[in-house]
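# Understanding the architecture of this molecule
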Amino acid sequence: MGDEAATDYRAAWQRKPVLRAIYQDYYRRILAHCQPQGRTLEIGGGSGNLKSFLPDAISTDIAAAPWLDAVADAQALPFADCSFGNIVMVDVLHHLAYPKRFLAEAQRVLRPGGRLVLIEPGITPLSRVFFHLFHPEPVRMQAEPLSDTPQCDPGNPWDSNQAIPTLLFRRDARKLAATMPGLRLLRADWLSLFAYPLSGGFKAWSLLPGFAAAPLLRLEDRLMPALGPLMAFRLLTVLERTQ
Ligand SMILES: C[S@@+](CC[C@H](N)C(=O)[O-])C[C@H]1O[C@@H](n2cnc3c(N)ncnc32)[C@H](O)[C@@H]1O
């Protein structure tokens, strides 16, 4: 994350209570799926918000920042085999040119039974239209994320394809199991119906006041089984290293 982008993200985080409420709900959900034992590695920490929620996590990014613990490329992790109980990430996988290389690295640095827990864009009929109209990052549903060809510009950590997580963990779940037998997909759940899109994310605007976030998120949990496949904006995915 370029210095300017990181500073803007940190300013939005300070300014927007609704954003903090939504992300702290994300972090709680991520933590709920983490293994209790072992260190936790964060990939693509960016503006460093997870660290305020999980201070013991080792926060890294491909771009250095004073609030992060180390510089690390997700596709070539500078850590020994079996070093971590958990790997966590928010909005990073869809920026990786070689998702399959990352998954192999994740399997390598997790210890057996270790978990990879991520929250990423989710592509549903409604979110696809919304991202197409209001989000600068592309949604390319024809992509083959398990191929060896780059899924976005390998030299630009901000290039992306928002479709990657949905393709990998929903459309290609069987192919993923055959390609990466050492990483078992435990769940890929739809998440975020109203609060996240109404909050404007890290943008300056928000259509939702901070106090409305918690009750709306509770309502979303009740409506998710019926509405998730039609209009969810995010995917919460958990994988576990099998051997
Ligand atoms: C959309 S930001 C998300 C930042 C943070 N996780 C958040 O939720 O605000 C994507 C981050 O992924 C990082 N990134 C992109 N490619 C990476 C790579 N190959 N390895 C590690 N981090 C990478 C970028 O530098 C950027 O900080």
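Refer to the structure above for everything that follows.
Let me begin by describing the structure that accompanies this report. Because the structure is a prediction, the values reported are computed rather than measured.

This part is about the nonpolar core. Grouped together as the largest cluster of nonpolar side chains are 69 residues, with contacts concentrated most on Y23, I43, M89, L93, F102, L116 and F169. The dominant element in this core, judged by the number of residues it contributes, is helix α2 (residues 17–33), at 7 residues.

A word on the packing of α2 against helix α9 (residues 213–231). Between α2 and α9, the least distance of the axes is 10 Å, while the angle of their chain directions is 45°. When the axes of α2 and α9 are compared, the pair comes out oblique. Between α2 and α9 lies a crossing of right-handed hand. Here V18, A21, I22, D25 and R29 of α2 come into contact with α9, specifically with A213, L217 and D221.

Here we come to the side chain of Q75. Within the secondary structure, Q75 sits in the loop between β3 (70–71) and β4 (84–90). In terms of polar contacts, Q75 uses its side chain to reach the backbone amide nitrogen of A97, at 3.2 Å. Polar contacts involving the side chain of Q75 include one to the main-chain amide nitrogen of Y98, which spans 2.8 Å. Beyond its immediate sequence surroundings of up to four residues, Q75 is in contact with L96, A97, Y98, R101, F102 and E105.

Under the defined criterion, the tally for this structure stands at 13 salt bridges. Each of E144, R171, D172 and K175 takes part in salt bridges that share partners, so that together they form one network.

Okay, the pairing of strand β5 (residues 110–121) next. The buried fraction of β5 amounts to 9 of the 12 residues, a majority that puts the element mostly inside the structure. As defined by bridge partners, β4 adjoins β5 across 6 bridges and the pair is classed as parallel. Note on β5: the bridge partner recorded for I87 is L116. The parallel pair β4 and β5 is bridged by helix α4 (residues 99–109), and the resulting crossover is right-handed. Two elements, β5 and strand β7 (residues 234–241), share 7 bridges in a ladder whose sense is antiparallel. For E120, the partnering residue across the bridge sits in β7 and is L235.

So, about the environment of T237. Tracing the sequence through the fold places T237 in strand β7. Along the sequence, T237 and P154 sit 83 residues apart, while their C-alpha atoms lie 24 Å from each other. Among residues more than four places away in sequence, those in contact with T237 are L116, V117, L118, F169, L185, R187 and A188.

Take the sheet that holds strand β6 (residues 183–191) next. Taken together, 7 strands build an open sheet; the order of strands is β3-β2-β1-β4-β5-β7-β6 and the sheet is mixed. Looking along the sheet, the strands with just one partner apiece sit at the ends: β3 and β6. Relative to strand β2 (residues 58–61), strand β1 (residues 40–42) runs parallel, the two being bridged by 2 bridges. Looking at β2, one finds that E42 is bridged to S59.

The next subject is the environment of V88. If you trace the backbone, V88 turns up in strand β4. The exposure class assigned to V88 is buried, which follows from its relative accessible area of 0%. Taking C-alpha positions, V88 is 9.9 Å from I58, a pair spaced 30 residues apart along the chain. With residues up to four places along the chain from it excluded, the contact list for V88 reads I30, C34, T40, L41, E42, I43, L50 and V117.

Phi at D91 is positive, roughly 60°, even though this residue is not glycine. Residue classification places D91 among the partly exposed residues on the basis of a relative accessible area of 21%. Positive phi, normally seen in glycine, also occurs at S192, with a value near 65°. Residue placement: S192 occurs in the loop between β6 and α8 (195–199). For S192, a relative accessible area of 3% puts it in the buried group.

What counts, and at which threshold
Along each chain, residues carry numbers from 1 onward, in the same order as the chain's sequence is written. Given that this is a predicted model, residues contribute local features only at a pLDDT of at least 70 and side-chain atom pairs are listed and counted only at 80 or more, while totals for whole chains, interfaces and linings are drawn from all residues. Side-chain descriptors were evaluated using all non-hydrogen atoms of the structure, hydrogens and water having been removed beforehand. We call a set of buried Ala, Val, Leu, Ile, Met, Phe, Trp, Tyr and Cys residues a nonpolar core when their side-chain atoms join them within 4.5 Å. Three labels apply to residues, based on accessible area from a 1.4 Å probe with only protein chains included: buried if under 20% of the type maximum, exposed if over 50%, partly exposed otherwise in between. Secondary structure is summarised from DSSP: a helix means a run of H or I of at least four residues, a strand means a run of E of at least two, and numbering begins at the N terminus for each. Lines fitted to C-alpha atoms define the axes, with helix axes restricted to the stretch in contact, and inter-axis angles between N-to-C directions lie between 0 and 180 degrees. Between 65 and 115 degrees an angle is taken as roughly perpendicular, under 35 as roughly parallel, over 145 as roughly antiparallel, and anywhere else as oblique. Crossing chirality is assigned from the near helix's rotation relative to the far helix, an anticlockwise turn below a right angle marking it left-handed and a clockwise turn marking it right-handed. Contacts are assigned to residue pairs that have any heavy atoms within 4.5 Å of one another. As used in this structure description, the phrase polar contact means that two N or O atoms lie within 3.5 Å; if the pair is within protein, one of them must be able to donate a hydrogen and the other to accept it, and residues adjacent in sequence are counted only when both atoms belong to side chains. Salt bridge, as used here: a side-chain nitrogen of Lys or Arg that lies within 4 Å of a carboxyl oxygen of Asp or Glu. By this definition, two strands are paired if DSSP reports at least two bridges between them. By convention, orient the strands away from the viewer: a clockwise path from the first strand over the helix to the second makes the crossover right-handed.

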